[in-house]
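# Chains, contacts and geometry: an overview
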Amino acid sequence: MLKLEHLAWNLPDGGEIIRDIDLTLQSGKLVVVTGPNGGGKTTLAKLIAGIETPSSGRILLEGQDITQMDLTQRARLGVAYAFQQPVRFKGLTVRDLLELAAGEALSEPALCALLTRVGLCAEEYINREMSAALSGGEIKRIEIATVLARKAKLSIFDEPEAGIDLWSFARLVETFEELRSQRSGLLLIISHQERILSIADEIVVITNGRVSAAGSREEILPSLLAEEKTDYCPRGKEVFCNE
Amino acid sequence: MNKITDELLRLVSDFKGSFKGAFNIREDGQCAGRQSTKNIRIESKTDAPGLVIRIQPGTKGESVYIPACVTHGDLDDLVYNDFYVGQDADVVIVAGCGVHTDDDAEARHNGIHRFFLEPGAHVVYKEKHIGTGSGNGTKRIDPVTDAVLSENSYLEMDTVQIRGVDSTFRRTTAKLAAGARLLVRERIMTDGDEIAKTDFEVTLEGEGSGVDLISRSVAQGNSFQEFRSSIKGQNRCTGHSECDAILVDHGTVNAIPALEASHVDAELIHEAAIGKIAGEQIMKLRTLGLTEEEAEEKIISGFLK
């Protein structure tokens, strides 16, 4: 279980980005955090992962207060994070990164299985360098695979759909559903995509740094889609669009 | 062969108590062991210290090892090695050099290698350098490589400076005939007050010739590195040089590339990137459970792999 108590994060100039967020999210659930751009979704995810430190409030993972733990400590405790914009590494191969993520040497079948789950033809990629030789979409999918390899208590995916083609995205949605069905940990996905929202157990809407709505998919999604028609300018399948 | 040589050989030339195939071990300026094979003859030069290595045309799948070790200070070892690689031969040459000193006197190895590749010859040349020992004496390695590549020949140079070499100046020149290809992969790690300079000059004389110079380096402590490259395209050819460097602490790296095209179809490119380890890279590895120090170490070791 992940519990956020009065969580807040301010900019150095005092600007409030996250304001007094209280949330309780149960393990085994697939929770989608959504909301308008600039609302604080990514900041919230970074606070949970330990990339940013809250200005106030507490974060508890399975009852343990992790607020003062740094990024490494949280990772070792079982928090995994897939960046929205993954970084490249000259010299490190896909295998290197996945094995670091898994914390052990992986067999080729195990590596292939991880890569297949994110829509990559696995054998072609295992020994490739994580450099500019790979496209943005390929790097993004490998980033997601590093989180899958972690088998974490809490897996956070920041806009996993960004930069991924439609076919791979469909495979990714299946993977999230598989993970959810295993009920092995909490999946926290930041997304605007209706296809991801439609598989959520719970949806949390963050607007202007606050939780503006939270509840089951059945409770939240219809109102989100209704808002789309009245308050937002939809593009393609996005629920929200750039303002 | 003394114990220090034995240890250095294991570090620089994959030595596991013996070599398979042709070899010559140079220890403190003397021959500590030599073996020729039917296809690879190793003989002493008569006009200077060093070797003449002749690889018969058509030789396939054989290796030749020519490591050199300096195991004490107050020694300036100069050696001239000439490699004649016959037509369509396909071989691996493993060089490697270790300098060791436990006193305050300088230990230096200066290997001057000349390669003559006949048409269609294919050579992979591997070279590792290391400095060891507790002495304050300067550990220097100053290799010079001159290569002449005939038509459609191929030379791949894989050079690594592992650690502990106080000063190195590596000069490489190459001339390529039609269809010849040269690939150089250089990796250098410096720390403390070490200095490493490399200077490549490649002349693409023949039509369809090509070169790739890829240098990756890490400058830690107060160390200094300088990368110079000059690619001259005198025909329809392709030339590419790439210098990537990571700075740690107060390290300094200069990259000075030069391209000189004198033919309208010469395609020459240079890329250079120098900077610290990206914070995002460290952050990503920390999300995988590594500490900041472990992440830095992993990034550097991968970069120089």
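The following refers to the structure shown.

Reading guide: rules and limits
- Residues numbered from 1 in each chain as written.
- Chains lettered and ligands numbered in written order.
- Predicted model: local features only at pLDDT ≥ 70, side-chain atom pairs only at ≥ 80, totals over all residues.
- Pairing = 2+ DSSP bridges.
- Helix = DSSP H or I, 4+ residues; strand = E, 2+ residues; numbered from the N terminus.
- Core = buried A, V, L, I, M, F, W, Y, C linked by C-beta atoms within 7 Å.
- Buried ≥ 20, exposed ≤ 12 C-beta atoms within 10 Å, placed from the backbone.
- Contact = placed C-beta atoms within 7 Å.
- Axes fitted to C-alpha atoms, helices over the stretch in contact; angles between N-to-C directions.
- Left-handed = near helix turned anticlockwise from the far one by under 90°.
- Nonpolar A, V, L, I, M, F, W, Y, C, P; charged D, E, K, R; others polar.

### Points about the sheet that holds strand 4 (residues 56-61) of chain A
All names here are of chain A. Read across the open sheet, the 4 strands follow the order 2-1-4-5; overall the sheet is antiparallel. The sheet terminates laterally at strand 2 (16-25) and strand 5 (64-65), the two strands that pair on one side only. Note: strand 4 against strand 5, 2 bridges, orientation antiparallel. Bridging across to strand 5, Leu61 finds its partner in Gln64.

### Some remarks on the nonpolar core
Formed by 85 residues in total, the largest nonpolar core has its most connected members in Val31, Ala145, Ile156, Leu188 and Ile189 of chain A. Tallying contributions element by element places helix 5 (residues 136-150) of chain A first for this core, with 7 residues. Sequence-distant contacts of Val31 of chain A, that is, excluding residues within four places in its chain, are made with Leu25, Leu186, Leu187, Leu188, Ala200, Asp201, Glu202 and Val204 of chain A. Judged by nonpolar contacts, the second largest core, of 56 residues, contains Val70, Ala107, Ile130 and Leu149 of chain B.

### Examining the packing of helix 2 (residues 279-287) of chain B against helix 3 (residues 292-303) of chain B
The description of two helices packed together rests on the angle between their axes and the distance between the axes. Residues and elements named next belong to chain B. Interhelical geometry of helix 2 versus helix 3 gives an angle of 115° and a closest axis separation of 9 Å. In terms of crossing hand, the pair formed by helix 2 and helix 3 is right-handed. Contact residues: helix 2 offers Gln281, Ile282, Leu285 and Arg286, while helix 3 offers Glu292, Ala295, Glu296, Lys298 and Ile299. Looking at side-chain class alone, the contact of helix 2 with helix 3 contains 4 nonpolar, 1 polar and 4 charged residues.

### A closer look at the sheet that holds strand 7 (residues 154-158) of chain A
All names here are of chain A. The 6 strands are arranged 6-7-8-3-9-10 in an open sheet whose pairing can be described as mixed. Of all strands in the sheet, those bounded by a partner on one side alone are strand 6 (79-82) and strand 10 (210-216). On average, each strand axis in the sheet is inclined to that of its neighbour by 15°, with strand direction left out of account. Looking at chain direction, strand 9 (residues 202-207) and strand 10 are connected through 6 bridges and run antiparallel. Bridged to Ile203 within strand 10 is Gly215.

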